[in-house]
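# Overview (structure and organization)
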Amino acid sequence: MNILLVYPKFPDTFWSFKHALKFIRKKASLPPLGLLTVAALLPSEWNKRLVDVNVTKLRDRDLAWADYVFVSAMTVQRDSAHQIISRCKQAGVKTVAGGPIFVSEYEQFEEVDHFVLNEAEITLPLFLADLERGQARRIYETSEFPEIQKTPAPMWELADLKRYATMSIQFSRGCPFDCEFCNVTALFGHKPRVKTAGQIVAELDGLYALGWRDKVFFVDDNFIGNKRALKTELLPALIEWQKGKDGIPLHTEVSINLADDEELMQLMVDAGFDTVFIGIETPNEDSLAECSKIQNKNRNLLKDVKRIQRAGLEVQGGFIVGFDSDTPSIFQRQIDFIQQSGIVTAMVGLLQAIPGTRLYERLKREGRLREEGPTGDNVDGTTNIISRMNLDTLHDGYKRIMEQIYSPKQYYERVRTFLREYKPPKIKSPLDFQHVLAFFRSIVYLGILGKERFYYWRLLLWTLFHRPKLFSEAVTCAIYGYHFRKVCELRIVDERTVLAKRTRRRKR
Ligand code: B12
Ligand code: SF4
């Protein structure tokens, strides 16, 4: 049996890092871990190939080779997923679809032959057994969550590693918290299910053996969901694993209560973690209460961020505007918080209601969902919610936040705030030729041609004098800033085109 695993294209968004990736000549930030895991769950004697459309083209001869095409996607990849599935239909190849978008909206994909939904550890064996008997059904789903201690290591060997900036690995699924808007708990439940330290070490060994010497992202929903397993098993094993190797820097996603646990932060830093993404969401206590983000309530979020940075972990933050409790003052409050915190990578989104979440159900009951569904890109300035705040005020406020925090002046100021706090990481990836070239490219694109050139040189000089050990971090931040600004500019152009089209239509 020939199985072609296909991953649809991401649009040019905040998280695509497209404009930053060109500095290091990479095509995508991460490989499709879901598909690589599914590949490992398929019979070993089957032939498998991966086409990640973000790094390579899907050719007709790939489709001609395949008996089945397995597709995975998030909502944000909807358009590309539809195109790929139609091409398969035209080529007469059967399709099997799984992953987040199909779990929440499989009805929209009429051309798909089989949906293998939820976690493949449970549903895929059922599909394979039926397929063998020649009785495969159209839909396989489950409300159960599998233990993942038997999940095989993803088949990274199917991916062309050198085209990616980072590799991904997964220790746990699920999160103990219950934020109203969150899709993660709807998909993976509240009980964090963990792999063994042995599984993770074997997975890292696999990546290392394939020659990987750069960053690894633990894609856990909340890495600190099970602190005991981390402190007693995984982190000591990672510390041991890093010894005598070319350093592999790690990053992950956590909740803000990490700031309360000095021991855990220290262990994470010793294990090679240098960055954590945290859903901060909002400095507005009423909005935190509204969305049940209890772990962020009644704390000094600013101090927490600084404490984590001082421990040696860069904090990336998720922020949301458009809660029912938000008033127009929220926009400036968010800007002030982001600037003071030194959170360089600040993902600010308008609240969206994703099907399957508690928020979606509440708004449906209240009759407050727009006809057009969520785009799945929570940083594109759209919402499928009929907001309490006037929609124009919300859009204008949102645009103001993005324009301000990513304007060169404010962005570079924030980078300095961050570098002042941040303790240099213990483990860094070896400096290779591509990274040296990236520095020279940054000189050309940002230091000579870019409109941020004054701020760029000022940052580099400041870093050399005040935080010389963080020089490479300063260059990386400058390159990220370029990407974020480009994405914001594109959004504004997009918006203007949409507005112009609407006006033309109205005149006609
Ligand atoms: C890593 C990750 C990313 C990476 C993606 C890299 C990549 N190439 O995949 C990055 C950082 C780029 C990213 C970005 C975004 N992401 Co993201 N991301 C994740 C994360 C944390 C892990 C995904 C992962 O690798 N999981 C590990 C694998 C093993 O699990 P899995 O993919 O779910 O696969 C299992 C099953 O789903 C199933 N399965 C999956 N595919 C298939 C296919 C077939 C054929 C079959 C049979 C089964 C199957 O089997 C697997 C084993 O059980 C998830 C959360 C999560 N826990 O899944 C969010 C998640 C997928 N992201 C999400 C979102 C919304 C986004 C963003 C829009 C913004 C944001 N707020 O995060 C952006 C958009 C991207 C862009 N460029 O525009 C949502 C998707 C919701 C949805 N309905 O689409 C999730 C679920 C998190 C959430 N907030 O709810 N993301
Ligand atoms: S802490 Fe994060 S992953 Fe956990 S429920 Fe809240 S938003 Fe979801």
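Calculation criteria
- Residues numbered from 1 in each chain as written.
- Chains lettered and ligands numbered in written order.
- Predicted model: local features only at pLDDT ≥ 70, side-chain atom pairs only at ≥ 80, totals over all residues.
- Heavy atoms only, no water.
- Helix = DSSP H or I, 4+ residues; strand = E, 2+ residues; numbered from the N terminus.
- Buried < 20%, exposed > 50% of the residue type's maximum accessible area, 1.4 Å probe, protein only.
- Polar contact = N/O pair within 3.5 Å; in protein donor to acceptor, adjacent residues only side chain to side chain.
- Contact = heavy atoms within 4.5 Å.
- Salt bridge = Lys/Arg side-chain N within 4 Å of Asp/Glu carboxyl O.
- Phe/Tyr/Trp six-rings, centres within 6.5 Å; stacked < 30°, edge-to-face > 60°.
- Lys NZ or Arg CZ within 6 Å of the ring centre and 35° of its normal.
- Pairing = 2+ DSSP bridges.
- Near = heavy atom within 4 Å.
- Axes fitted to C-alpha atoms, helices over the stretch in contact; angles between N-to-C directions.
- Disulfide = S-S within 2.5 Å.
- Core = buried A, V, L, I, M, F, W, Y, C linked by side-chain atoms within 4.5 Å.
- Parallel < 35°, antiparallel > 145°, perpendicular 65-115°, else oblique.
- Nonpolar A, V, L, I, M, F, W, Y, C, P; charged D, E, K, R; others polar.

Another aspect to go through is the side chain of S80. If you trace the backbone, S80 turns up in helix α4 (residues 78–91). Assessed through its relative accessible area of 11%, S80 is described here as buried. From its side chain, S80 meets the backbone nitrogen of K9 in a polar contact 2.7 Å long. If we skip the residues at most four places from it in the chain, S80 touches P8 and K9.

Among the structural elements, T282 can be located in the loop between β12 (273–281) and α11 (285–290). For T282, the side chain forms a polar contact with the main-chain nitrogen of N284, separated by 2.9 Å. Once residues lying within four places of it in the same chain are set aside, the contact partners of T282 are S287, L288, L301, I320, F323, D326, I330 and Q334.

A few words now on the pattern of salt bridges. A complete count under the given rule lists 33 salt bridges for this structure. Measuring nitrogen to oxygen at the nearest pair gives 2.9 Å for the salt bridge that ties E119 to R193. Of this pair, E119 sits in the loop between β5 (114–116) and α6 (120–132) while R193 sits in strand β9 (residues 193–194); the two residues are 74 residues apart in sequence, bridging distant segments of the chain. Taken individually, E119 and R193 each receive the classification buried, so the pair is uniform in this respect. Residue D304 is joined to R307 by a salt bridge in which the shortest nitrogen-to-oxygen separation is 3.8 Å. Highlighted residues: D304 and R307, both in helix α12 (residues 301–311), separated by 3 residues, approximately one helical turn. Given a relative accessible area of 4%, D304 falls into the buried group. Given the relative accessible area of 30%, R307 is considered partly exposed.

All chains considered together, the criterion is met by 31 aromatic pairs. Here F14 and F484 contribute two aromatic rings whose centre-to-centre distance is 4.5 Å and whose plane-to-plane angle is 15°, an arrangement assigned as stacked. Highlighted residues: F14 in the loop between β1 (2–7) and α1 (18–21) and F484 in helix α19 (residues 471–507), separated in sequence by 470 residues. Judged on exposure class, the residue F14 and its partner F484 are both buried. If you follow R213 out to its NZ or CZ, it ends over the ring of Y208, 3.5 Å from the centre.

Bringing the sheet that holds strand β4 (residues 94–98) into the picture now. Sheet architecture is open: 6 strands sit in the order β2-β1-β3-β4-β5-β6, paired in parallel fashion. Of all strands in the sheet, those with a lone pairing partner are β2 (47–52) and β6 (139–140), marking the two edges. Direction of pairing for β4 relative to β5: parallel, over a ladder of 2 bridges. Residue pairing in the sheet places A97 in a bridge with F115 of β5.

Near ligand 1 lie 40 residues; those nearest to it are T13, S72, T75, E121 and D221. In this structure, an oxygen atom belonging to ligand 1 sits 2.7 Å away from a main-chain N or O atom of T75. Backbone polar atom of A120 to an oxygen atom of ligand 1: 3.1 Å apart, as the coordinates give it. Among the secondary structure elements, those contributing two or more residues to the shell around ligand 1 are α2 (33–41), β3 (68–72), β4, α6 and α7 (183–188). Residue contributions to the shell around ligand 1 peak at 5 residues, all from α2.

On to the sheet that holds strand β7 (residues 167–169), then. Overall, parallel pairing links the 6 strands, which are arranged β7-β10-β11-β12-β13-β14 in an open sheet. In this open sheet, the two strands that pair with only one neighbour each are β7 and β14 (346–350). Shown here is a sheet whose adjacent strand axes are inclined to one another by a mean of 20°, direction ignored. Note that strand β10 (residues 216–218) and strand β11 (residues 250–254) share 2 bridges and pair parallel. Opposite F217, over in β11, you have H251 as the bridge partner.

The subject of this paragraph is the state of the cysteines. Counted according to the given criterion, the structure contains 0 disulfides. Free cysteine: C291, not disulfide-bonded; nearest cysteine sulfur from C179 at 6.0 Å. Under the relative-accessibility criterion, C291 is labelled buried at 0%.

Take the nonpolar core next. Within the largest apolar cluster, 123 residues are counted, with the highest numbers of intra-cluster contacts made by F70 and F223. Looking at this core, the element that brings in the most residues is α19, giving 8 residues. If we ignore the near neighbours within four places in the chain, the residues touching F70 are I3, L4, L5, V6, L35, V38, L42, V96, L124 and F127.

Unusually for a residue other than glycine, S292 sits at a positive phi of about 60°. One can find S292 in the loop between α11 and α12. Its identity is not glycine, yet N298 carries a phi of approximately 50°, on the positive side. Along the chain, N298 turns up in the loop between α11 and α12.

Direction vectors running N to C along helix α16 (residues 408–421) and helix α18 (residues 453–466) enclose 10°, while the axes themselves pass 10 Å from each other. Between α16 and α18, the interaxial angle falls into the category roughly parallel. Residues P408, K409, Y412, V415, R416, L419 and R420 of α16 lie in contact with α18, whose contacting residues are Y455, Y456, R458, L459, W462 and T463. Among the residues forming the contact of α16 with α18, the class breakdown is 8 nonpolar, 1 polar and 4 charged.

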